[in-house]
Structures are given as C-alpha cells and as structure tokens.
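Reading the structure
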Amino acid sequence: MALLDLLGRRWALRVIWELRDGAMTFRVLQEACGGVSSSVLNDRLAELREAGIVAPAEGSGFELTPEGRELGRAYEPLDAWAQRWARRRQRA
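First, a word on scope: everything that follows refers to the structure included in this document. Worth saying up front: this structure is predicted, and the values here are computed from it rather than measured.

Calculation rules
- Residues numbered from 1 in each chain as written.
- Predicted model: local features only at pLDDT ≥ 70, side-chain atom pairs only at ≥ 80, totals over all residues.
- Heavy atoms only, no water.
- Helix = DSSP H or I, 4+ residues; strand = E, 2+ residues; numbered from the N terminus.
- Buried < 20%, exposed > 50% of the residue type's maximum accessible area, 1.4 Å probe, protein only.
- Polar contact = N/O pair within 3.5 Å; in protein donor to acceptor, adjacent residues only side chain to side chain.
- Contact = heavy atoms within 4.5 Å.
- 1 Å grid on protein atoms, 1.4 Å probe; cavity = no way out; pocket = protein on both sides within 12 Å on 5 of 7 lines; lining within 4 Å.
- Points joined across faces, edges and corners; volume = space filled by probe spheres on them.
- Nonpolar A, V, L, I, M, F, W, Y, C, P; charged D, E, K, R; others polar.
- Expected span 1.5 Å × (residues − 1).
- Arc of directions from axis to C-beta.
- Patch = residues over 30% accessible without salt bridge, like charges linked within 9 Å, V, L, I, M, F, W, Y side chains within 5 Å.
- Areas by Shrake-Rupley, 256 points an atom, 1.4 Å probe, with all protein chains shown as cover.
- Salt bridge = Lys/Arg side-chain N within 4 Å of Asp/Glu carboxyl O.

Secondary structure assignment for the protein chain yields five helices and two strands. Going residue by residue from the N terminus, the α and β elements of the protein chain occur as α-α-α-α-β-β-α. Along the first, second and third principal axes, the C-alpha atoms of the protein chain reach 45 × 25 × 20 Å. Looking at the protein chain residue by residue over its 92 residues, the buried ones come to 29%.

In structure tokens, the structure reads:
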C-alpha cells in the first residue's frame, strides 16, 4: 500500500515515465511533465529519492535507480493496454 500511495501522488507516475529513457535535468523534466510547478516537482523528486526510485544523475539532473527501472518495466503492460484502449476509443 505504501508504494500505491506514493505512485498515486500527482505527477509521481509521470516523473518515472519521463525518466524511463535516461537522465534529465530538473528543467527538462519539468517541461516533459507539462510544466508541473517547481515546488510540486521538487516534492515528488524528494519522495521518489527517499523511496529509492530516483537518484541524482552523474553530473546533474535525475535518473531512475535500478529499482526505478524495474518499476518502469512494470508499466509496459499498462502502456500496451492504454494504447489498445485509445485505438478502440478512436474507432467508436
């Protein structure tokens, strides 16, 4: 339940999703997340760092930890389902 509580917080899933392909600076991540406020993004990054899902990237920015990458792989079936669902909705 603790993980679901964390992932249910606004922008948490999006942050993990956007970091799936590699490290991003704070500003780039903020833009990728559709302009989430800096205070909310800071809060989510702090929570995800504390949970061991996100870590500071070498140099600057943020990246997924090995645990975070494993969690990101768990999103793949949900993403596939969402794409099928979107296609069905377009045909309806």
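A word on the side chain of threonine 65. Mapped onto the elements, threonine 65 comes out in the loop between β2 (62-64) and α5 (66-91). For threonine 65, a relative accessible area of 13% corresponds to the buried category. Side-chain polar atoms of threonine 65 contact the backbone oxygen of glycine 52, separated by 2.5 Å. Excluding residues that lie within four positions of it along the chain, threonine 65 makes contacts with Gly52, Ile53, Val54 and Ala55.

Let us now look at the environment of glycine 8. Summarising the element assignment, glycine 8 is placed in the loop between α1 (2-7) and α2 (12-18). Judged by relative accessible area, glycine 8 falls into the exposed class, the value being 61%. Separated by 59 residues in sequence, glycine 8 and glutamate 67 place their C-alpha atoms 18 Å apart.

A few words on the layout of surface pockets. Size it by volume and the largest pocket reaches roughly 160 Å³. Residue lining of the largest pocket: Leu13, Arg14, Trp17, Tyr75, Leu78, Asp79 and Ala82, and that is the complete set. Elements with a minimum of two residues in the lining of the largest pocket: α2 and α5. The residue inventory of the lining of the largest pocket, partitioned by class, reads five nonpolar, no polar and two charged.

Turning to helix α4 (residues 38-50), a few remarks are in order. In this model α4 runs 18 Å from its N-terminal to its C-terminal C-alpha over 13 residues, within 8% of the 18 Å that 1.5 Å per residue would give. Every buried residue belonging to α4 is among Leu41, Arg44, Leu45 and Leu48, and all of these are buried. In an axial view of α4, the angular spread of the buried residues amounts to 100 degrees, which keeps them on one side of the axis. Glycine 52 occupies a position one or two residues after α4 and carries a positive phi of about 80 degrees.

This next bit is on a nonpolar patch on the surface. Together, Leu78, Trp81 and Trp85 make up a nonpolar patch on the protein surface, roughly 350 Å² of accessible area in all. Examined against the element boundaries, tryptophan 81 turns out to sit in helix α5. Overall, the relative accessible area of 43% leaves tryptophan 81 in the partly exposed class.

These figures come from the coordinates and say nothing about function on their own.
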